[in-house]
Amino acid sequence: MSYFIFLFILIQLNGYFTFQLTSTSRLTTITTTQSLKNPSMIKKSLMKSKMNLNMQSGASYGSTDKYSAPPVGYVKPKFSLWELYLKVTDKVTVLFPLWTVIFASIAITKPSAFSWFSTKYFTASLGALMLSMGITLTADDFVRVSKEPLAVIVGFILCYGLCPALGLLLGKAFNLPLDLVAGTVLVGCVNGGQASNLCTYIARGDVALSVLMTTVTTIAGIFTTPLLCKLLLGAVVPVDAVGIALSCLQVVLVPIALGMSLNKYFPKTISKVVPATPVVGVVSTCLLVASAIAQCAPAIKSAGWGLQLPIMLLHLVGGLAGYWVPKKMGFTETQSRTMAIETAMKSSAFSFLLAKLHFAQYGARVPSAVSVVWMALVGATLAVFWRTIPTGDE
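Notes on the structure follow. Quick caveat: nothing in here was measured; it's all calculated off a predicted structure. (Residues numbered from 1 in each chain as written. Predicted model: local features only at pLDDT ≥ 70, side-chain atom pairs only at ≥ 80, totals over all residues. Heavy atoms only, no water.)

1. Some words on the overall build of the protein chain
For step 1, the next point in the chain: Secondary structure summary: the protein chain contains 19 helices and zero strands in total.
For step 2, the next point in the chain: Burial analysis of the protein chain (394 residues in total) assigns 51% to the buried set. (Helix = DSSP H or I, 4+ residues; strand = E, 2+ residues; numbered from the N terminus. Buried < 20%, exposed > 50% of the residue type's maximum accessible area, 1.4 Å probe, protein only.)

2. A few points about the environment of Val211
For step 1, the next point in the chain: Topologically, Val211 is positioned in helix H11 (residues 207-233).
For step 2, the next point in the chain: As for Val211 and Gln194, which are separated by 17 residues in sequence, their C-alpha atoms are 8.1 Å apart.
For step 3, the next point in the chain: Not counting chain neighbours up to four residues away, the residues in contact with Val211 comprise Leu137, Phe142, Asn197 and Ile256. (Contact = heavy atoms within 4.5 Å.)

3. Re the pattern of salt bridges
For step 1, the next point in the chain: What the rule picks out here adds up to two salt bridges.
For step 2, the next point in the chain: When salt bridges with common partners are traced through the structure, they connect Lys327, Glu333 and Arg337 into a single cluster. (Salt bridge = Lys/Arg side-chain N within 4 Å of Asp/Glu carboxyl O.)

4. With respect to the packing of helix H6 (residues 119-134) against helix H14 (residues 277-295)
For step 1, the next point in the chain: It is the contact of H6 with H14, at a shortest axis distance of 9 Å, that shows an interaxial angle of 150°. Taken together, the axes of H6 and H14 are roughly antiparallel relative to one another. You can see that H6 and H14 cross each other, and the crossing is left-handed. For the pair H6 and H14, the contacting residues are Phe122, Ser125, Leu126, Ala128, Leu129 and Ser132 in the first and Thr277, Val280, Gly281, Ser284, Thr285, Leu288 and Ser291 in the second.
For step 2, the next point in the chain: Among the residues forming the contact of H6 with H14, the class breakdown is six nonpolar, seven polar and no charged. (Axes fitted to C-alpha atoms, helices over the stretch in contact; angles between N-to-C directions. Parallel < 35°, antiparallel > 145°, perpendicular 65-115°, else oblique. Left-handed = near helix turned anticlockwise from the far one by under 90°. Nonpolar A, V, L, I, M, F, W, Y, C, P; charged D, E, K, R; others polar.)

5. Observations concerning the packing of aromatic side chains
Any two aromatic rings considered together are summarised by their centre-to-centre distance and by the angle between their planes.
For step 1, the next point in the chain: Taken as a whole, this structure holds six aromatic pairs when the rule is applied.
For step 2, the next point in the chain: Relative to Phe114, the ring of Phe103 lies with its centre 6.2 Å away and its plane at 40°, an arrangement referred to as tilted. Here Phe103, found in helix H5 (residues 96-109), pairs with Phe114, found in the loop between H5 and H6; they are 11 residues apart in sequence, far enough to count as distant.
For step 3, the next point in the chain: On the basis of an interplanar angle of 65° and a centroid distance of 5.9 Å, the ring pair of Trp116 and Tyr121 is categorised as edge-to-face.
For step 4, the next point in the chain: Of the aromatic side chains, those joined through ring pairs into one cluster are Trp116, Phe117 and Tyr121.
For step 5, the next point in the chain: For the cation-ring pair, Lys346 lies above Tyr160, with the distance from its terminal atom to the ring centre recorded as 5.5 Å. (Phe/Tyr/Trp six-rings, centres within 6.5 Å; stacked < 30°, edge-to-face > 60°. Lys NZ or Arg CZ within 6 Å of the ring centre and 35° of its normal.)

6. Side note on the nonpolar core
For step 1, the next point in the chain: In terms of nonpolar packing, the biggest core is built from 83 residues, with Phe96, Ile293 and Leu307 touching the most fellow members.
For step 2, the next point in the chain: With 15 residues, helix H19 (residues 366-387) is the single largest residue contributor to this core.
For step 3, the next point in the chain: Among all residues touching Phe96, those that are not within four sequence positions of it are Leu198, Cys199, Ile202, Val282, Thr285, Cys286, Ala380 and Val384.
For step 4, the next point in the chain: Counting residues in hydrophobic clusters, the runner-up holds eight residues, among them Leu158, Leu209, Met213 and Phe331. (Core = buried A, V, L, I, M, F, W, Y, C linked by side-chain atoms within 4.5 Å.)

7. Digging into a nonpolar patch on the surface
For step 1, the next point in the chain: A contiguous nonpolar surface patch, about 390 Å² in accessible area, is contributed by Leu150, Ile153, Ile157 and Met329.
For step 2, the next point in the chain: According to the relative accessible area criterion, Met329 is partly exposed, its value standing at 47%. (Patch = residues over 30% accessible without salt bridge, like charges linked within 9 Å, V, L, I, M, F, W, Y side chains within 5 Å. Areas by Shrake-Rupley, 256 points an atom, 1.4 Å probe, with all protein chains shown as cover.)

As structure tokens, this is what we get:
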């Protein structure tokens, strides 16, 4: 019963955010990475959106506003199916946190609904998620990021310095059993999740920096995750380094490289497709979250607030600290948002797999199962919140 109350509170929280966001969503339909980096383009697009809304509604004719009076022979414009699709999917993207909760609730109550989502579909969805990000990038984005390595270094420290320590501190502070403490620390010791790239895109962050940070932490995790587990937990967690490296190439690097190639050689076609990519990411992420939860539904149901709260704080405090620290260090708003989301969104599914394969105690995998929900919820909420606020970066 407590778990359903927990889900109800989550839905109410998301309802608050979506209520605040839907009133302004019509004026924030700029979705390409290039336009989000240019505040002047945002301003012009917003003015154009206001003009179109006034002309389409036919309201306030006769006022002093120059766009309020209809021109002679004015005919209300008709939207094409593609334009209608973009308008609808823009609102669907804004409701990303709500979809996450809905898919999670279905998976927890009826795990069999996602039994068809096998490993091959899991991998394909991650690949589609990365491809949708790749087509928004160019080689110049990575050149620009490589000229500012400090951002990657700070993000690395937040991922493998702040989060493991925070996991241990929260586990001790809430007097969790040793197996749950080990699982909480393990969540903090893994790399950033691939879904962070999508949330960074929605939050108007630096997608190239996000992809680079995810790639760096994923590859570095081959060495840092076992080392941190040994130092903090007193046990070595063996990791299949070759397997992880191959998975990183298959799921992250290859789709992104393919997307960048398509963007380079077919720019006109890709420019028309880019506005629809957030929906691909939302659908893929929701399916990935639901699949992971369905596979460990009994463990999540048995977890009480004594575990829900510290796991939630691990992601939330990590995200807030990931934003505040870079801002105090003089990083831009775009960079700070990127590092915040990268810190908040861990690869919870990967930590669950490690706990399942390499920890004798069953309880060690429960924090990762709970983390799947909170990771997606916190990251998605931050992304949708920031989506409506221009970065102000020149």
